[in-house]
Amino acid sequence: MIDLKTLRENPDLFLHGARDKRVDVDIHRLLRLDEQRRTLLADQESARSQQKKLSKEIGPKIGALKGRLKQAEGGTRDALESEIRQLEEMPLKLKAEIQAFDQRISEIEPEWRTLWLKVPQPADDDVPRGTSADDNVELRTWHPSWFDPTKSFRENKGFDPKSHVDIVDNLGLVDFERAVKMAGARHYVLRRDG
């Protein structure tokens, strides 16, 4: 994944990089979705902060109003009850607002993530541009003086190459069978010098 901060700061770099690598991705759409998502996340965080602050302040206020309600009569009593109901509804409104932000963010994120994953890392400026692997430039090759690159590995060394799994197994450095019994597939247990 590319760094979104870098993409925001220099979208042309990624536009040219995607074009050079022949990757079809709408970077402008990604940036619009990213801006929407960031705005929604900031608004959601602000609502959560407001909700936390309100939950600390509302309890004592409601307690004080209910204390006054015991002694109130008539119109004063109705006004106090109305004020208590309004205070009790405030956290519910904020909760609904936060859930609405969650919903809108979850609607944006799948497309945002898909586009983000499609953006390729731009090539360095010194990388030659080409249309296929045939356009690659070979800078240098290396091999030991005794190795002839025109011959196969077997012809040069006298045996077929082994994988690292074969080598550690043949040297007894790893016990794959015991590891599978102990921890399941794709595990290993080191032995001796392993």
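In this text the structure is predicted, and so the values were computed from the model without any measurement. Counting starts from 1 at the beginning of each chain's written sequence and moves along it residue by residue. Per-residue local features are limited, in this predicted model, to residues with pLDDT of at least 70; the limit for side-chain atom pairs, both in listing and counting, is 80 or more; totals at the level of whole chains, interfaces and linings are taken over all residues. To obtain the side-chain values, all non-hydrogen atoms of the structure were included, while hydrogens and water were left out.

A. Broad picture of the packing of aromatic side chains. Aromatic pairing here means that ring centres of Phe, Tyr or Trp (its six-membered ring) are within 6.5 Å. Orientation follows from the plane angle: under 30 degrees is stacked, over 60 is edge-to-face, and everything else is tilted. By the definition in use, this model includes 3 aromatic pairs. Ring centres of W112 and W116 lie 5.1 Å apart, and the angle between their planes is 40 degrees; on these two criteria the pair is classed as tilted. Residue W112 and its partner W116 are located together in helix α4 (residues 74-118), separated by 4 residues, close to a single helical turn. The two residues W112 and W116 agree in class, both being buried. A run of DSSP states H or I qualifies as a helix once it reaches four residues; a run of E qualifies as a strand once it reaches two. Both are numbered from the N-terminal end. Think of it in three bands: residues with accessible area under 20% of the maximum for their type are buried, residues over 50% are exposed, and the middle band is partly exposed, with areas taken using a 1.4 Å probe on protein chains only.

B. Geometry of the pattern of salt bridges. Salt bridges are counted wherever a side-chain nitrogen of Lys or Arg sits within 4 Å of a carboxyl oxygen of Asp or Glu. Tallied over the entire structure, the rule returns 8 salt bridges. Notably, a salt bridge pairs R129 with D20, separated by 2.9 Å at the nearest N-O pair. A residue pair is termed long-range when its members are at least 10 positions apart, and R129 in the loop between α4 and α5 (153-157) and D20 in helix α2 (residues 11-20) qualify at 109 residues. Residue classification places D20 among the partly exposed positions, given a relative accessible area of 28%. Linking D175 and R178 is a salt bridge whose minimum nitrogen-to-oxygen distance equals 4.0 Å. Its relative accessible area of 12% is what places D175 among the buried residues.

C. Region of interest: the nonpolar core. If you look at the biggest cluster of nonpolar residues, it comprises 28 residues, and the most contacted ones within it are L7, I27, L30, W112 and V119. At the level of elements, α1 (4-9), α2, α3 (27-71) and α4 are the ones that each hand at least two residues to this core. Setting aside residues no more than four positions away along its own chain, I27 makes contact with L7, F14, L15, A18 and V119. For our purposes a nonpolar core is just a set of buried Ala, Val, Leu, Ile, Met, Phe, Trp, Tyr and Cys residues, chained together by side-chain atoms within 4.5 Å. The criterion used for residue contact is that any of the two residues' heavy atoms lie within 4.5 Å.

D. Seen up close, unusual backbone geometry. A positive phi angle is found at R22, which is not glycine, with a value near 55 degrees. By secondary structure assignment, the location of R22 is in the loop between α2 and α3. By relative accessible area, R22 is classed as exposed at 54%.

E. Region of interest: the environment of G158. Inspection of the secondary structure puts G158 in the loop between α5 and α6 (164-170). Judged by relative accessible area, G158 falls into the exposed class, the value being 51%. Sequence spacing of G158 and S49 is 109 residues, and the spatial spacing of their C-alpha atoms is 71 Å.

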